[in-house]
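Structural description and commentary
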Amino acid sequence: MRLVKVEQKWQAEHEAYFKEWGSARMVPSSFNIAGYDTYEEYLEELEIRQRGIKNWVPNTNYFLINDNNGIVAMVNIRHTLNSYLYNIGGHIGYGVRPSERQKGYATIMLAEALKKCKDLKLKRVLITCDEDNIGSAKVILNNGGIEDEHFQDVDGSVIRRFWIEI
Ligand SMILES: CC(C)(COP(=O)(O)OP(=O)(O)OC[C@H]1O[C@@H](n2cnc3c(N)ncnc32)[C@H](O)[C@@H]1OP(=O)(O)O)[C@@H](O)C(=O)NCCC(=O)NCCS
């Protein structure tokens with residue numbers, strides 16, 4: 001398993017993953033290719049967002065690739081926190097291909113993402129999940145997450161917040 005950057009050569013795999021995701025809200029949203037006329041246009045927009053624009057802080061996106069060069073999961077690493085990320089989004093967002101869930105991939109991917117955070121010289125990383133997302137909470141705890149105070153959003157939903165020392 002390895003993390004790779006988002007590039008043109010992954011277009012067909014990315015599209016297949018996106019199709020499999022279906023109508024559920026794409027997580028992380030940076031991998032949502034809906035609404036672009038071409039994959040090149042998506043890549044250009046991603047490049048701009050990765051440098052940080054409007055509400056987007058500088059960030060990096062990776063696919064988790066298996067030995068058959070298939071995309072099994074995706075991760076977005078935010079290099080800094082703004083107030084939205086401090087309360088709700090955290091430094092790292094991830095999602096696993098529906099057919100590849102509960103095989104340990106999110107746990108592996110978060111461990112790999114934490115190595116990238118070390119390269120970014122982050123000392124500790126905030127990772128969050130919705131209160132009812134038991135799988136994601138376990139992924140965070142599997143990687144040494146220490147729970148902080150939760151955040152209650154305006155709609156009443158509760159976001160659990162965890163720190164991982166790098
Ligand atoms: C949440 C998500 C990332 C988990 O990915 P995954 O690859 O299935 O996670 P893992 O296989 O590493 O599982 C980690 C642990 O959680 C458990 N788990 C995973 N999904 C679970 C679920 N739906 N219900 C209960 N437990 C679950 C696993 O059994 C495993 O338990 P263990 O550590 O005791 O063995 C995946 O379900 C997903 O992409 N969901 C949609 C997007 C999302 O919610 N992203 C996270 C936003 S915070």
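Under an unreviewed UniProt entry, the protein has the name GNAT family N-acetyltransferase and belongs to Oceanobacillus zhaokaii.

Here's the deal with the site of the ligand
Taken together, 21 residues lie near the ligand, and Tyr-94, Val-96, Gln-102, Gly-104 and Thr-107 sit nearest. In this structure, Thr-107 approaches the ligand through a side-chain N or O atom, which is 2.7 Å from an oxygen atom. For the ligand, whose unbound accessible area comes to 910 Å², protein coverage reaches 69%. Secondary-structure elements contributing two or more residues to the shell around the ligand are β4 (92-96), α4 (105-119), β5 (124-130) and α5 (134-142). Examining the composition of the shell around the ligand, we find that six residues originate from one element, α5, more than from any other. A per-class count over the shell around the ligand returns nine nonpolar, nine polar and three charged.

Topic: the UniProt feature "domain: N-acetyltransferase" (unreviewed entry) in the protein
The UniProt record annotates "domain: N-acetyltransferase" (unreviewed entry) at residues 1-165. With 33% helix and 26% strand, the stretch residues 1-165 has end C-alpha atoms that lie 23 Å from each other.

Some details on the side chain of Ser-30
Locating Ser-30 in the fold gives a position in the loop between α1 (11-21) and α2 (39-51). Relative accessible area serves as the criterion here: at 4%, Ser-30 is assigned to the buried category. In this structure the side chain of Ser-30 is engaged in a polar contact, spanning 2.6 Å, whose partner is the side chain of Asn-61.

Side note on the pairing of strand β2 (residues 59-65)
Burial analysis of β2 places seven of its seven residues in the buried class, the great majority of the element. What you see with β2 is no split at all: Asn-59, Asn-61, Phe-63 and Ile-65 on one side and Thr-60, Tyr-62 and Leu-64 on the other are buried throughout. As judged from the seven bridges shared by β2 and strand β3 (residues 71-78), these two strands associate in the antiparallel manner. Opposite Thr-60, over in β3, you have Ile-77 as the bridge partner. Taking the residues between adjacent antiparallel strands as the criterion, β2 and β3 are bridged by five residues, where Asn-69 takes a positive phi near 60 degrees.

What counts as what
Residues numbered from 1 in each chain as written. Predicted model: local features only at pLDDT ≥ 70, side-chain atom pairs only at ≥ 80, totals over all residues. Heavy atoms only, no water. Near = heavy atom within 4 Å. Polar contact = N/O pair within 3.5 Å; in protein donor to acceptor, adjacent residues only side chain to side chain. Areas by Shrake-Rupley, 256 points an atom, 1.4 Å probe, with all protein chains shown as cover. Helix = DSSP H or I, 4+ residues; strand = E, 2+ residues; numbered from the N terminus. Nonpolar A, V, L, I, M, F, W, Y, C, P; charged D, E, K, R; others polar. UniProt positions renumbered as here; feature names shortened; annotations may be inferred. Buried < 20%, exposed > 50% of the residue type's maximum accessible area, 1.4 Å probe, protein only. Pairing = 2+ DSSP bridges.

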